[in-house]
Amino acid sequence: MPIKPSDFPEIAAVDLGSNSFRLQLARVADGHLIFHDSLREAVRLGAGLDEKNNLSADAQQRAIDCLKRFGERLRGLPPQAVRAVATNTFRVARNAPNLLQEAQAALGFPIEIIAGREEARMIFVGVSHSLPPADHKRLVIDIGGGSTEFIIGQHLEPTAMESLYMGCVSYSMRYFPDGKISEAAMKRAQIAAAAELQGMRKYFIAEGWNEAVGSSGTAKALGEIIRLSGLSDGEITREGLAFIQEQLLQAGNIKKIDLPGVSTDRAAVLPGGLAVMMAAFDALDIKRMTTASSALREGVLYELLGRLHDQDIRETTVSSFMRRYHVEPDQAERVQELALRLLSQCSSRLQHIDEETAAQYLTWAARLHEIGVSIAHSGYHKHSAYIVENADMPGFSNMEQETLGLLVKAHRRSLSKLEFSLNGQTDRLLLILILRLAVLFHRNRQPDHHPELELFILKSGYQLNITADWLKDNPLTEAELVNEIAYWKEIGLSLSLST
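Because the structure is a prediction, the values reported are computed rather than measured.

Asker: Before we go on, may I ask you to explain the packing of helix α7 (residues 216-228) against helix α9 (residues 264-283) in this structure?
Answerer: Between two packed helices, the angle of one axis relative to the other and the distance separating the axes together describe the packing. Running from N to C, α7 and α9 point in directions that differ by 95°, and their axes come no closer than 10 Å. The angle between α7 and α9 falls in the class roughly perpendicular. The residues of α9 that touch α7, namely those facing G217, T218, A219, A221, L222 and I225, are R266, L270, G273, L274 and M277. For the contact of α7 with α9, a count of residues per class yields 7 nonpolar, 3 polar and 1 charged.

Set out below in structure tokens:
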């Protein structure tokens, strides 16, 4: 039964940032979002990274404890109504996979690690929805705990995006260790930020914008300090930033910061955030900046609402890739149709994903498995997989691209060369088999060529039922099926043919 937006009167977004974890809930009324509840905890996950980018046990425990509390608030919501995303610290931490498993168990919902540019795109969506409609371009800067996102866009569409590895937590730890604030340390931090900005500065200035907006904690904290100090009505200005820098230098230590509206948690990361903001003002020649109340979590909610209304940005992305790489749409549709038909025969045996999610993966893989042909036909599946795994794909999380890349890479040739563990991967293996069969039976690229097929899952592998007369009339396909049986045998699974 298809899911309808009315089935989800409440939806939720969880943002696992490097400084804070945030939970935002909203009611869906007449296709619009009404934000009604939120939680925030300063977990400071990024502060738990050591020199080798491993997260400390204490930082991991802080994350798990917070997510257990979030999970209590989310209890009872269906999986389709909740989307949790993790950002920079999860991207760079070497032991993030272990933490991710515990974190998902604590929260009770899947967590997606998103790429920096995907984070930037959704930040822009969230910010744009909170601002008055305008025809001019906006520059949005979001200083997070471990990364800073820069986006230029118009209406709800970003036209330029960049994510840089600098944030209020990472810079505060690196340049202001033990909480000491000095003029030399502030200068080093600003020079380091300026060096990061150098590579995108020319491109962003050429793109141009009419209004600068700051989002998330650092920008809002800086704007509030400036407002409470009587220096503006809440806008961030060069004069205001210089005033805050002077106050921090006079304090000399994070523990001695005495600025209006600054909590202890924010004071701990204020020097690093200030250095990044001042460098951005200088590099991009920003005079004034307003602040927005929305950021990543609101963008996640609007994306989630779009999916419930069949306005999934991932579908737009896949269609765009098909056009860009000159995919033959009729062939993609033939492969997709057979793949979905085979999935419907054995979807009840899926263990970890539902049929709708499995169908999405097979649909995307059917449409994208040949994009590598535009690079070279020899080994095109590897080229296709590389593009899928490494390209900026709006709407897709890192894990979705990884899974999709695996399906595309595994749709032909040997399975034994895949860097892929068989343990606990029954769902992925089934999707791989279905896609391989759908491609195999449409190698002649003609409509209505394949016979009626029945796919069954056995204890030791799979069984495919096919009519003997059809095989006799199609010896090339029969030879391909013999090869297919051998490929599965190489990885310890059986594929048998029954006529």
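Next comes the rest of the description.
Asker: When you look at helix α12 (residues 329-346) in this model, what are you seeing that I'm missing?
Answerer: Since the α-helix advances by 3.6 residues per turn, residues separated by three or four positions end up pointing in the same direction. Taking 1.5 Å per residue, 18 residues should reach 26 Å; α12 reaches 26 Å between its end C-alpha atoms and fits that length. Regarding α12, the residues found buried are Q331, A332, R334, V335, Q336, L338, A339, L342, L343 and C346. On its buried face, α12 is in contact with α11 (313-324), α13 (355-368), α16 (426-440) and β12 (454-457).

Asker: Help me out: how do you make sense of the environment of G306 in this one?
Answerer: The topology assignment puts G306 in helix α10 (residues 296-308). With a relative accessible area of 8%, G306 lands in the buried category. As a C-alpha pair, G306 and G31 span 275 residues in sequence and 9.2 Å in three-dimensional space. Other than its neighbours up to four places away in sequence, G306 contacts Q311 and D312.

Asker: Would you explain the side chain of N19 in this entry?
Answerer: Along the chain, N19 falls in the loop between β1 (10-16) and β2 (21-29). Residue N19 is classed as buried on the basis of its relative accessible area, which comes to 7%. The residues touching N19, leaving out its near neighbours within four places in the chain, are R40, E41, A42, V43, R44, L45, G145, V169, R266 and V269.

Asker: Mind showing me how you'd approach the sheet that holds β12 here?
Answerer: To summarise the sheet geometry, strands pair through backbone hydrogen bonds and adopt either a parallel or an antiparallel arrangement. Within the open sheet, the 3 strands sit side by side as β12-β13-β14. Their pairing is mixed. The open sheet has two edge strands with one neighbour each: β12 and β14 (494-498). Taken pair by pair, the neighbouring strands of this sheet meet at an average axis angle of 20°, ignoring direction. Pairing geometry for strand β13 (residues 461-465) and β14, over 5 bridges, is parallel. Bridge pairing in β14 links Y462 to L495. α16 contacts β12, β13 and β14 of the sheet and is inclined by roughly 160° relative to β12. Helix α18 (residues 475-490) contacts β13 and β14 of the sheet and is inclined by roughly 150° relative to β14.

Asker: Where do I start with unusual backbone geometry in this structure?
Answerer: Trans peptide bonds make up the majority, and among non-glycine residues the majority have a negative phi. For R44, which is not glycine, the phi dihedral falls at a positive 50°. Relative to the assigned elements, R44 resides in the loop between β3 (32-41) and α1 (57-74). Its identity as a non-glycine residue notwithstanding, R413 has a phi of 65°, on the positive side. Counting through the fold element by element, R413 comes out in the loop between α15 (398-409) and α16.

Definitions and limits used
- Residues numbered from 1 in each chain as written.
- Predicted model: local features only at pLDDT ≥ 70, side-chain atom pairs only at ≥ 80, totals over all residues.
- Heavy atoms only, no water.
- Axes fitted to C-alpha atoms, helices over the stretch in contact; angles between N-to-C directions.
- Helix = DSSP H or I, 4+ residues; strand = E, 2+ residues; numbered from the N terminus.
- Parallel < 35°, antiparallel > 145°, perpendicular 65-115°, else oblique.
- Contact = heavy atoms within 4.5 Å.
- Nonpolar A, V, L, I, M, F, W, Y, C, P; charged D, E, K, R; others polar.
- Expected span 1.5 Å × (residues − 1).
- Buried < 20%, exposed > 50% of the residue type's maximum accessible area, 1.4 Å probe, protein only.
- Pairing = 2+ DSSP bridges.

Read these as spatial facts, not as claims about activity.
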